[in-house]
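Secondary and tertiary structure notes
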There are 2 protein chains.
Amino acid sequence: MHPLLINGEWRPSQGKATFRAVNPAKRQPFGEEFPISPWEDVEEALVAADRAFDQVKTWPGARFADFLESYAAAIELRAAEIVSMANLETALPVSPRLKDVELPRTLGQLRQAAAAARDGSWKLPTLDTAANIRSYLGPIGPVAVFGPNNFPCAFNSMAGGDFAAAVAAGNPVIAKGHPLHPQTTQLFAEAAHEAAEATDMPRGFVQLIYHTDHENGARLVSHPLLAASGYTGSRQAGLILKSAADQHGKPFYAELSSVNPVYILPGVLEEKLDALAAEFATSALMGTGQFCTNPGVVLLKKGPLAEKFISAVATKFGEAPVGTLLGESTEVHLRAGIVALQRAGATIVTGNKPVDNSRYCYSNTLLKVAGNDFLADPIGLQTEAFGNAALIIVVEDDEQFVEITRHIEGSLTGCVYSSTNGRDDALYEQIEPVLRQKVGRLLNDKMPTGVAVSPAMNHGGPFPATCHPGFTAVGIPASLRRFGMLQCYDNVRADRLPPLLRNENPGQTAWRLIDGKWTQADVNAAR
Amino acid sequence: MHPLLINGEWRPSQGKATFRAVNPAKRQPFGEEFPISPWEDVEEALVAADRAFDQVKTWPGARFADFLESYAAAIELRAAEIVSMANLETALPVSPRLKDVELPRTLGQLRQAAAAARDGSWKLPTLDTAANIRSYLGPIGPVAVFGPNNFPCAFNSMAGGDFAAAVAAGNPVIAKGHPLHPQTTQLFAEAAHEAAEATDMPRGFVQLIYHTDHENGARLVSHPLLAASGYTGSRQAGLILKSAADQHGKPFYAELSSVNPVYILPGVLEEKLDALAAEFATSALMGTGQFCTNPGVVLLKKGPLAEKFISAVATKFGEAPVGTLLGESTEVHLRAGIVALQRAGATIVTGNKPVDNSRYCYSNTLLKVAGNDFLADPIGLQTEAFGNAALIIVVEDDEQFVEITRHIEGSLTGCVYSSTNGRDDALYEQIEPVLRQKVGRLLNDKMPTGVAVSPAMNHGGPFPATCHPGFTAVGIPASLRRFGMLQCYDNVRADRLPPLLRNENPGQTAWRLIDGKWTQADVNAAR
C-alpha cells in the first residue's frame, strides 16, 4: 500500500482499506494500492499542520514564495511523468491539454502565487497613522484542500489553485486527493515534499491524504485545529462538508456546480448561426464537457432559426468524436443527469446512447425544452449533467428570457451573445441586470470555458455555484484572500508590528492603503 | 398598535401580538404598543425589497450617498428627541454617552458611508486591460439587519453601522429592530422614510419590522429574496439564524459574543498597579459593562501584586455607582452568567448582590479563578457575563499564560499591557503569536472598549466572536465589502460596463487596481 505524506515523511496509513486508480480509456484498474484513510491518519495530519503553523505564522511572504518556486521547479523536472500519468488516470489528452495547457497553467499559478506572497499586496495592508490603527489579512491557519476529478494538475489538491493560494497566504495545507488520480497526486506530493525540505519548511507544512470517507471529511473541515477549507467537486459531497464546517464557524470555500447559461439573442443568431453553433458545440464538448464552466444551458428565441441552430448543433454533436469520461462515477452521474432532465420535461435531440463499452463514455447528448416547460420545473431542469451533454431552452418571447433568468440558480458564468448592430440591445438591457446578480462572471460574445488566471477573474458566484459570492477561486492575488483573517493592530508598539504594517514599507513593493491613499511608499513619504 | 414601515408606507401589522418598551430605570412599560410581526409582514417586506433592488441595482453610488446624507440631516433635526427617547428606553446616560458620543458617531458613520458610496473605492475595481477582464464588488441584494440592545443609535438596525454599510453598498435594507428600544427605532425610521422620499429612493428600499420570533427570523435570513444579513446580539439567537442562513448559502455576518481578554504582564503591573486597576475598572464598568468589547477577562501572574491588583479593582468596583442595565433580560443573563462562572470554578471577589429593586441592575461583580482551574474548564470559564462583571485569571507561571491563550475562544479583541523597559518582552513574544490568531484586534497598553471608526479598524474576529474572520463590522469602507458580491465582466462591450469599470474613471476619485497598479487615473493615463 502506498504511504501517505504526513508530518514531513512518507508513512503507512493506520488503516487497511485501499483503492486503485482506474484507466478510464480501458475501464481497468492499474498501479499500486492507495490507502483510504481512517480518522487516525487525518488527525495526525491535523496535529502536524497545527505545529507547522506555529512555526510559520510569523514568517515573511518570501519564505512561502521560496517554497512555491522550488516546488514549481521540482514539478518541471517531473513534467513528462506527471502528464503521462494524468493522461492514464483521466484520459484527458496529453496534447493539446495536459502538456500544453494544464501543466503550464499549474506552474504559472504556483509562480504567480509565489510573486504575490513575496510582494504582500494581497493582504490589503491598511494604515491609519493618526489613530495608529493598522490592519491586514494575516494567515488564517491550516487549510484543507479537496481537489476535483476534472483538473488533475491545475486544481490538484496538492498543486492547484487552492493549494497555491492557501500556501501563498502563509498556511499549511492538508491535501485530500481525488481518488480518480492518486498517482498523479503522488508525483506532485513527491515534488512538494522535496521542495519543502529544500526550502526548510517545517514538517507538516504540506501533507497528503489520498482518500477518506465523507464522515472523516466532515470531521476534518470542522476540527478545532483546522482554519478553513477549499473544495471543488460534487454538490452532494460539498454540502455535507459545508454543513459540518458551518456548524463550527469554519470558512468553507467551495465550488459546487454550475449550469453556466448562454444566451444567444435573436439578432446575432440571424447574423451568424453556423459560426455560433460551431463555437457552442466546441465549447460544450471540450474536455468531454467536464469543465466547471461548461456551457450547460443555451437560451434561444423560438422560431425557425432556433430550430436551425438546434439541428446544426445536433449534427456537430453527432459528428464529433465521443470523448472518454474521467471515470465510472462520471458516466453514472452524466446518465443520471440526462434522465433527470428528461423527467423534468426535456426531450432528447440527439445522443443519449452508450457508444463504447471498452471505456467510460456516453454519446454527445443534446436536449431541448420549451421555455414554458422550463418554468414549470426550473430546478429540475437545472440538474447538472456534468459531461458531454447540454440543454437548449426554446424561449417563447422577450419577456420570457427575463422570467427564465429570474429562475436561474447561482452560476459561475453567464454569457450573452448579441448583434453588433444594436438590434439586440433592448433585450440585452432587460436580461443583464437580472443575470448579473446570478453569476460571478458575465461574458459578452464569448463562451465561458476559458478561465484566465487574471487578477480581475472571478471564478466564483452565488450559492449554489459556490458557498460565498464575495470570493474567487481563480485569479491572483484575489484567491489568496479566502485564506486570510483580518488582523488589526491598535496602538501596537512600532517594533512589534509585522514588517508590512510598519512605517517603512519593506522592499517598497507592497501596495498599502495609507490614510486613504494607495501607495508603495513609506509612511512619511506617503503623507 | 404602531404601524410598520413596509413598501414605502406606514401600515398596520397583519398580526395581533404586541409588546411595549420598558423603562429600565423604573422597571415600567411605557409608550405605544408595537407589533410582533407574523410571517406575512416579513414576507411583504421581502417582496418590496426585491422590487426595490430591481430598481436600484444599477444606480451609481451617488444615489445612495444622497439618501444617507439626507437621512443624517433628518436625524440631526430629531437629535434631541432621539437621544431623550434612547435614554428612557435603555437608561444609557444622555451625557456623556448618547448625545455627546453615540449619536455623533451614528451621524459620522452615515456620512462616511455616504462618502464611500460616492467615491466607489470600496468596490476594489480591478482591471486587466490586456485580457479585457474587469471586476468589482457590486451590490449583493436585499439585506436584513438585526440590531443589538446595547447601542440604540450607533448599531440601531435602522441607522447603525450595518445599516449604513448595506445601504452604501447599494442594497435595500429590512431592519429588524431590537425590542428594548422600539420608539428610538421608530424615530430613526421616520427620518429614514422622510429622507428616502426626499431623495427618490424606491418604495421598499428601507423597511422596518419591530419584532418577530426566531422562526420568522430564520425564514427571513434564508429566504430566496434575501441576499445577506448583518446581526449583532446574543450568541444563542445568532446561531439559530446562522444555521438557517448557512443551509441556503446566504452570508450571515454576525457578532455573537466575546470575552476580550486583557493581559497585564508582571513588569508593567509592578510599574503602575494603581493606574492599571483604575483603567481596567473604568473600562469594565463603562456603559454598565454593556459593550461588545468589554474586557471580560484579565490575566495576571500569581503573587502579591496580583492580589493587590485584585483588591484595588474590588475596591473600585465596590465604590463605583451601580449602573442600570438595558432591560430585564440583560439582568437575568448577567446573573446567570455569574452563576455559570461560579459553577465552572470561579469565586466571587466582590459584588454578586441585588442592589436596587426599583430598576434593572446588579452589583458590580468581580470574580477570580486560578489558572489551573481555568484550564480544567476553559469553555465554562469563558461564559459571557454581559454587563458589569469581570473575571480575573491568576496565572501560575509564564508557560501558563501561553497555555491559557491556546484555550481562549475567538474574540473581538485581545490587549496586552507590558513594561516599557523591556522586562516583559520575552513573555510578550511568547503570548502574541498565539493570541494574534484568536482575536480580530490586538491592542497594546490600552483597553479595548473604544472602537474607532477607522478604515484600519477590525471589529470582528474568529468564530464564535463573529461568523467569518475576514470581515469587520466597523470601519469604512471595509465594512461595506460584506454586502458586495464579486462581479466580473469578461469581454463585455465598453458601453455596457458599469462606469467604474470603464477606461475613464468617472470623477477620478475611485482608486482602481489597473494592471497591478493602484491609481485614480483613467486607463490610458495609468499605463
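Residues numbered from 1 in each chain as written. Chains lettered and ligands numbered in written order. Predicted model: local features only at pLDDT ≥ 70, side-chain atom pairs only at ≥ 80, totals over all residues. Heavy atoms only, no water.

1. Here we look at the domain arrangement of chain A
All names here are of chain A. For clarity, the threshold we go by: Each domain's limits were defined by an automated method or a database of domain assignments. Note on contacts: a residue pair qualifies if any of its non-hydrogen atoms lie within 4.5 Å across the two residues. A quick way to say it: buried area is the sum, across both parts, of accessible area lost when two parts are put together, with a 1.4 Å probe. The salt bridge criterion pairs a side-chain nitrogen of Lys or Arg with a carboxyl oxygen of Asp or Glu, the two atoms within 4 Å. Pairs of N or O atoms are called polar contacts if they sit within 3.5 Å, as long as, within protein, a hydrogen donor faces a hydrogen acceptor (for residues adjacent in sequence, only side-chain-to-side-chain pairs). Residue type decides the class: Asp, Glu, Lys and Arg count as charged, Ala, Val, Leu, Ile, Met, Phe, Trp, Tyr, Cys and Pro as nonpolar, and the leftover types, Gly among them, as polar.
Each domain of chain A was delimited in the assignment, giving domain 1 (41–256 + 472–481) and domain 2 (261–444). Here the C-alpha centroids of domain 1 and domain 2 sit 32 Å apart. In this complex, domain 1 contributes twelve residues to the contact, which on the side of domain 2 involves 14 residues. When residues of domain 1 are sorted by the area they lose upon contact with domain 2, Asn150, Leu180 and Glu255 head the list and together hold 38% of the total. Our enumeration of links across domain 1 and domain 2 arrives at one salt bridge. Scanning the region where domain 1 abuts domain 2 turns up two residue pairs in polar contact (both at pLDDT 80 or more). Split into classes, the residues belonging to the side of domain 1 that touches domain 2 amount to five nonpolar, three polar and four charged.

2. Considerations on unusual backbone geometry
Residues and elements named next belong to chain B. The cut-off we apply is this: By definition, any uninterrupted DSSP run of H or I lasting at least four residues is a helix, any uninterrupted run of E lasting at least two residues is a strand, and each is numbered from the N terminus. Residue exposure (1.4 Å probe, protein chains only): buried if accessible area is under 20% of the type maximum, exposed if over 50%, otherwise partly exposed.
In this model, Phe463 is joined to Pro464 through a cis peptide bond whose omega is 5 degrees. Tracing the chain through its elements places Pro464 in the loop between strand E18 (439–444) and strand E19 (484–490). Residue Ile476 is joined to Pro477 through a cis peptide bond whose omega torsion reads 15 degrees. With respect to the element layout, Pro477 can be found in the loop between E18 and E19. At Asp515, a position not held by glycine, the phi torsion is positive, near 50 degrees. If you trace the backbone, Asp515 turns up in the loop between strand E20 (512–514) and strand E21 (517–519). Owing to a relative accessible area of 40%, Asp515 belongs among the partly exposed residues under this scheme.

3. Quick word on the nonpolar core
Rule in force here: By nonpolar core we mean a set of buried residues, namely Ala, Val, Leu, Ile, Met, Phe, Trp, Tyr and Cys, connected to one another through side-chain atoms within 4.5 Å.
In terms of nonpolar packing, the biggest core is built from 184 residues, with Phe67, Tyr71 and Met158 of chain A together with Phe67, Tyr71 and Met158 of chain B touching the most fellow members. Look past the residues within four positions of Tyr71 of chain A in its chain and what remains in contact with it is Leu110, Met158, Ala159, Phe163, Phe188, Ala191, Ala192 and Ala195 of chain A.

4. Looking at the packing of helix H13 (residues 398–406) of chain B against helix H14 (residues 425–436) of chain B
Two quantities define a packed helix pair, namely the angle between the helix axes and the distance between the axes. All names here are of chain B. Where we set the bar: Every axis in this analysis is a line fitted to C-alpha atoms, fitted for helices over the stretch in contact. Angles between the N-to-C directions lie between 0 and 180 degrees. Here roughly perpendicular refers to angles of 65 to 115 degrees, roughly parallel to angles under 35, roughly antiparallel to angles over 145, and oblique to all remaining angles.
Relative orientation of the contacting elements H13 and H14 amounts to 10 degrees, with a least axis distance of 9 Å. Taken together, the axes of H13 and H14 lie roughly parallel to each other. Residues Asp398, Phe401, Val402, Thr405 and Arg406 of H13 lie in contact with H14, whose contacting residues are Leu427, Gln430, Ile431, Val434 and Leu435. Residues that form the contact of H13 with H14 fall into these classes: six nonpolar, two polar and two charged.

5. Describing the confidence of the model for chain A
We apply this condition: Here pLDDT means the predictor's own confidence in every residue, given as a number from 0 to 100.
For chain A, per-residue confidence averages 97 on the pLDDT scale, and residues scoring 70 or more make up 100% of the total. Both scores are given for the predicted complex: the pTM is 0.97, the ipTM 0.98.

6. A short note on the interface of chain A and chain B
At the interface, 68 residues of chain A touch 69 residues of chain B. Between chain A and chain B, the buried area comes to about 5700 Å², and carbon and sulfur atoms account for 53% of it. Taken together, chain A and chain B are joined by ten salt bridges. There are 52 residue pairs in polar contact (both at pLDDT 80 or more) connecting chain A and chain B. For the side of chain A that touches chain B, the elements supplying multiple residues, two or more each, are helix H1 (39–56), strand E5 (126–128), strand E6 (133–139), helix H8 (235–247), helix H14 (425–436), strand E18 (439–444), strand E19 (484–490) and strand E21 (517–519) of chain A.

7. Topic: the UniProt feature "domain: Aldehyde dehydrogenase" (unreviewed entry) in chain A
Basically, it comes down to this: UniProt positions are given in the numbering used here, feature names are shortened, and annotations may be inferred rather than shown by experiment.
Under the feature "domain: Aldehyde dehydrogenase" (unreviewed entry), the UniProt entry names residues 10–431 of chain A. The span residues 10–431 of chain A carries 46% helix and 19% strand; its end-to-end C-alpha distance comes to 54 Å.

8. Some points on helix H8 (residues 235–247) of chain B
Operational definition: Working rule for helices: expected span equals 1.5 Å times residues minus one.
With 13 residues, H8 of chain B ought to run about 18 Å at 1.5 Å a step, and its terminal C-alpha atoms sit 18 Å apart, in line with that. Each element contacted by the buried residues of H8 of chain B is listed here: H8 of chain A together with strand E7 (143–146), helix H7 (214–221), strand E10 (228–232) and strand E11 (252–255) of chain B. A positive backbone phi angle near 65 degrees is found at Gly249 of chain B, which sits one or two residues after H8 of chain B.

9. Examining the sheet that holds E6 of chain A
Strand pairing in a sheet takes place through backbone hydrogen bonds and is either antiparallel or parallel in direction. As a reminder of what qualifies: One requirement defines pairing of two strands: DSSP has to find at least two bridges between them.
The twelve strands are arranged E21(A)-E20(A)-E5(A)-E6(A)-E19(A)-E18(B)-E17(B)-E12(B)-E13(B)-E16(B)-E15(B)-E14(B) in an open sheet whose pairing can be described as mixed. Of all strands in the sheet, those with a lone pairing partner are E21 of chain A together with strand E14 (347–350) of chain B, marking the two edges. Taking each pair of neighbouring strands and ignoring which way they run, the sheet shows an average axis angle of 25 degrees. In this structure, strand E13 (residues 297–301) of chain B lies alongside strand E16 (residues 389–395) of chain B, joined through five bridges in parallel fashion. Looking at E16 of chain B, one finds that Val297 of chain B is bridged to Leu391 of chain B. Packing against the sheet, helix H11 (residues 328–343) of chain B makes contact with E14, strand E15 (365–370) and E16 of chain B, and its axis sits at approximately 20 degrees to E15 of chain B.

10. So, the environment of Thr472 of chain A
Looking at the secondary structure, you find Thr472 of chain A in the loop between E18 and E19. When neighbours within four sequence positions are excluded, Thr472 of chain A is seen to be in contact with Met457, Asn458, His459, Ala478, Ser479 and Arg482 of chain A together with Leu486 of chain B. A distance of 2.7 Å separates a polar atom in the side chain of Thr472 of chain A from the backbone nitrogen of His459 of chain A.

11. Description of the pattern of salt bridges
Should the charged atoms of two oppositely charged side chains come close, the side chains can pair. All names here are of chain A. Per the counting criterion, the structure on display carries 51 salt bridges over all chains. The residue Asp246 makes a salt bridge to Lys242 at a minimum N-O spacing of 2.8 Å. With Asp246 and Lys242 both in helix H8 and four residues apart, the pair spans about one turn of that helix. Take Asp246: its relative accessible area is 12%, and that puts it in the buried class. Here the salt bridges do not stand alone but share partners, grouping Glu9, Arg11, Glu44 and Arg203 into one network.

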